[in-house]
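# Fold and contact review
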Amino acid sequence: MKRWIMAFMVCDQHYIGGRWTVPSKAGNAMPVINPATQKEIGLVTSGYADDVDLAVAAARAAFPAFSVSPVAERAALLGRILALMEERAEELAQAISTEMGAAISFSRASQVPFGFAHVRAAIEVLGTYDFIRRQGTTAIIKEAIGVCGLITPWNWPLYQVTAKVAPAIAAGCTIVLKPSEMSPLSADLFARIMHDAGTPPGVFNLVYGTGPQVGAPLAAHPDVDMISITGSTRAGILVAQAAAPTVKRVTQELGGKSPNILLDDADFERVVPLGVAAAFRNVGQSCSAPSRMLVPASRLAQVEELAAKAAAAMTVGDPMQEETVLGPVSTPAQFDKVQAMIAIGMAEGAKLVCGGPGRPEGLKQGYFVRPTIFSQVRSDMRIAQDEIFGPVLCLIPYADEEEAVSIANDTVYGLGSHVQSADLDRARRVASRIRAGQVHINHPAWDAHAAFGGYKQSGNGREYGAFGMEEYLETKAVLGYFPQ
């Protein structure tokens, strides 16, 4: 299990078969680092293939009974999980801000409540979903796919866990979860919630560890029926390759380089600050962050001024302070990557509007990045093509609507996108031409039931709401099920 020692957390056991278990091999403890202080705040012990085998066996043993459990029972289980998450919301928020640096206000307002929303959405889907549909004399039956290996990232640690666990439970699947080794504190709290909610033994299992030590054997395991991964495109490719010999289903939510098209009739005073906030949300560490703002060339100077003003209003600092908007990026590797990309942008000749290399003034430690905006960016520049995963925004001028759409689609990714216009029909027309799995028109409210997933190298499959649950279902046709 875990233990607190002067606020030092040790995650040295996995959760398998309804109980905490000692790893199959001793040692291999990895430090958990607070990105704001660069101090070690805990240890997490990685599992191995033997631990994966135990977890998969527990999930396989639990599947026959759980897969045919009444829908009402699964909804009730999700209800208990949701109630415990809400009861422990502050503890979850504190853990997330400590382990990955999200501002505490953001953890409380978004990281944790969005996790609630996925569980709530799964309950709502179960209330109306038809698992048996009549097609003449044939029954189209939706059945749980089986044992599911779930691989989740560090940037939205609770949100991404619930986006996979909740629909898998709703579908009647059993689970082996591999959370990121860089965000084990919130994963530990979630596992305890699953236990305290009365999840049947073996239905939910958790194995800590790295991609090579746990993710790879989980993806390759012959008794795993499906893998769902959220991570980098590189990680998604490796998982798909490992899964291919067993012909299991693989769903992937991967990288992105999302465009935000500002059409010339948009309210720039409103949408530019909102666009900067969306790009820098979670310190830019979101795969769907609209990190390319496409701007009419004639309005570029105005957008530069508005964007710089919006960035300057964002307080960067200690994530545990209420006034902080942007905490640090999560890891030293991520800090180094963002710094390297800022240097590349400057070398490529992009105009530095604000920010730049180094830490913000007054911050001597921690993986803090200066909110950075480049202008006069060309679509062939690396900063316009590579996923930076930090608070770096590119302003890209365009001549007309046709060129805006062309630039928006000039990427190997296709996850999220945004369109801003005073003319809704015009915005809809542009949205229909963007090759991405999700489009936001005029900064709408988030929708936990809206299908989320990617085109091109942003992945395969969809998450959220009924679309997410159906990824965990097989389709069976039974001819002659209904009499003529």
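All right, on to the overall build of the protein then. For the protein, the count of helices and strands is 15 helices and 22 strands. Its C-alpha atoms give the protein a radius of gyration of 23 Å, near enough to 23 Å, the size a compact globule of 484 residues would have. With the C-alpha coordinates aligned to their principal axes, the bounding extent of the protein is approximately 65 × 65 × 40 Å. In the protein, which comprises 484 residues, the proportion classed as buried is 58%.

Tallied over the entire structure, the rule returns 21 salt bridges. The structure contains a network of salt bridges with shared partners spanning Asp-264, Asp-265, Glu-401, Arg-426 and Arg-429.

Pairing is antiparallel across the open sheet formed by three strands, whose spatial order is β7-β8-β22. Looking at strand neighbours, the two that pair on one side only are β7 (132-135) and β22 (473-478), the edges of this open sheet. Put simply, the sheet's adjacent strands are angled 25 degrees from each other on average, direction ignored. Relative to strand β8 (residues 138-144), β7 is paired through four bridges, and the arrangement is antiparallel. By the bridge assignment, Arg-134 is partnered in β8 with Ala-139.

Let's shift gears to the sheet that holds strand β17 (residues 372-375). With respect to topology, seven strands assemble into an open sheet ordered β16-β17-β18-β15-β14-β19-β20, the strand pairing being mixed. What marks the edges here is a single partner per strand, and that holds for β16 (351-354) and β20 (438-441). Direction aside, neighbouring strands of the sheet carry axes that sit 25 degrees apart on average. The sheet contacts of helix α14 (residues 424-433) involve β14 (259-262), β19 (416-420) and β20, and relative to β20 the element is tilted by about 165 degrees.

A word on the packing of helix α7 (residues 211-220) against helix α8 (residues 233-243). Interhelical geometry of α7 versus α8 gives an angle of 40 degrees and a closest axis separation of 7 Å. Accordingly, the angle class assigned to the pair α7 and α8 is oblique. For the pair α7 and α8, the sense of crossing is right-handed. Two secondary-structure elements touch here, α7 through Ala-216, Ala-219 and Ala-220 and α8 through Val-239, Ala-242 and Ala-243.

Okay, the pairing of β17 next. Side chains Thr-372 and Phe-374 project from β17 onto one buried face, and the interleaved Ile-373 and Ser-375 project onto a second face that is buried too. Where β16 and β17 come together, three bridges link them in antiparallel fashion. The residue of β17 that forms the bridge with Leu-352 is Phe-374. Note that β17 and strand β18 (residues 392-398) share three bridges and pair parallel. By the bridge assignment, Thr-372 is partnered in β18 with Val-392.

Here the focus is the environment of Val-405. Residue placement: Val-405 occurs in helix α13 (residues 401-408). Judged by relative accessible area, Val-405 falls into the buried class, the value being 4%. The spacing of Val-405 and Val-430 is 25 residues in sequence and 7.1 Å in space, taken between C-alpha atoms.

Take the side chain of Ser-375 next. Note on placement: Ser-375 falls in strand β17. Judged by relative accessible area, which is 0%, Ser-375 ranks as buried. Only 2.5 Å separates the side chain of Ser-375 from the side chain of Glu-304, close enough to count as a polar contact. In this structure, Ser-375 is in contact with Leu-300, Glu-304, Ala-350, Lys-351, Val-353 and Leu-395, ignoring residues within four places of it in sequence.

On to the packing of helix α2 (residues 71-87) against helix α4 (residues 104-128). The description of two packed helices rests on the angle between their axes and on the distance between the axes. Two elements in contact, α2 and α4, have axes whose closest approach is 9 Å; the angle formed by their N-to-C orientations is 160 degrees. Classed by the angle they form, the pair α2 and α4 counts as roughly antiparallel. Crossing of α2 over α4 shows left-handed handedness. In this structure, α2 contributes Val-71, Arg-74, Ala-75, Leu-78, Gly-79, Leu-82, Met-85 and Glu-86 to the contact, and α4 contributes Gly-115, Phe-116, Val-119, Arg-120, Ala-122, Ile-123 and Leu-126.

This brings us to the packing of aromatic side chains. Per the counting criterion, the structure on display carries 16 aromatic pairs. Judged by centre distance (6.2 Å) and plane angle (80 degrees), the ring pair of Tyr-159 and Tyr-464 falls under edge-to-face. With a gap of 305 residues between them, Tyr-159 in helix α5 (residues 157-171) and Tyr-464 in the loop between β21 (459-460) and α15 (465-470) connect regions that are remote in the sequence. Three or more aromatic residues joined by ring pairs form one cluster here, namely Phe-106, Phe-114, Trp-156, Tyr-159, Trp-446, Phe-452 and Tyr-464. Against the face of Phe-131 rests Arg-74, its NZ or CZ located 5.7 Å from the ring centre. In this arrangement the basic side chain of Arg-299 is found over the ring face of Phe-268, its NZ or CZ atom lying 3.9 Å from the centre.

Right, let's get into the confidence of the model for the protein. Within the protein, residue pLDDT values average 96, and 98% of them lie at 70 or more. Low pLDDT, under 50, characterises residues 1-6; the predicted model gives this stretch 15 contacts beyond four residues in sequence or across chains.

Once that is clear, we can look at unusual backbone geometry. Residues other than glycine seldom take positive phi values, yet Val-283 does so here, at roughly 60 degrees. A positive phi angle, close to 55 degrees, is found at Gln-376, a residue other than glycine. Checked against the element boundaries, Gln-376 lands in the loop between β17 and α12 (382-385). Look at Gln-376 and you get partly exposed, because its relative accessible area is 44%.

Rules used throughout
- Residues numbered from 1 in each chain as written.
- Predicted model: local features only at pLDDT ≥ 70, side-chain atom pairs only at ≥ 80, totals over all residues.
- Heavy atoms only, no water.
- Helix = DSSP H or I, 4+ residues; strand = E, 2+ residues; numbered from the N terminus.
- Rg over C-alpha atoms; globule rule 2.2 N^0.38 Å.
- Buried < 20%, exposed > 50% of the residue type's maximum accessible area, 1.4 Å probe, protein only.
- Salt bridge = Lys/Arg side-chain N within 4 Å of Asp/Glu carboxyl O.
- Pairing = 2+ DSSP bridges.
- Axes fitted to C-alpha atoms, helices over the stretch in contact; angles between N-to-C directions.
- Contact = heavy atoms within 4.5 Å.
- Parallel < 35°, antiparallel > 145°, perpendicular 65-115°, else oblique.
- Left-handed = near helix turned anticlockwise from the far one by under 90°.
- Polar contact = N/O pair within 3.5 Å; in protein donor to acceptor, adjacent residues only side chain to side chain.
- Phe/Tyr/Trp six-rings, centres within 6.5 Å; stacked < 30°, edge-to-face > 60°.
- Lys NZ or Arg CZ within 6 Å of the ring centre and 35° of its normal.
- pLDDT = per-residue confidence, 0-100.

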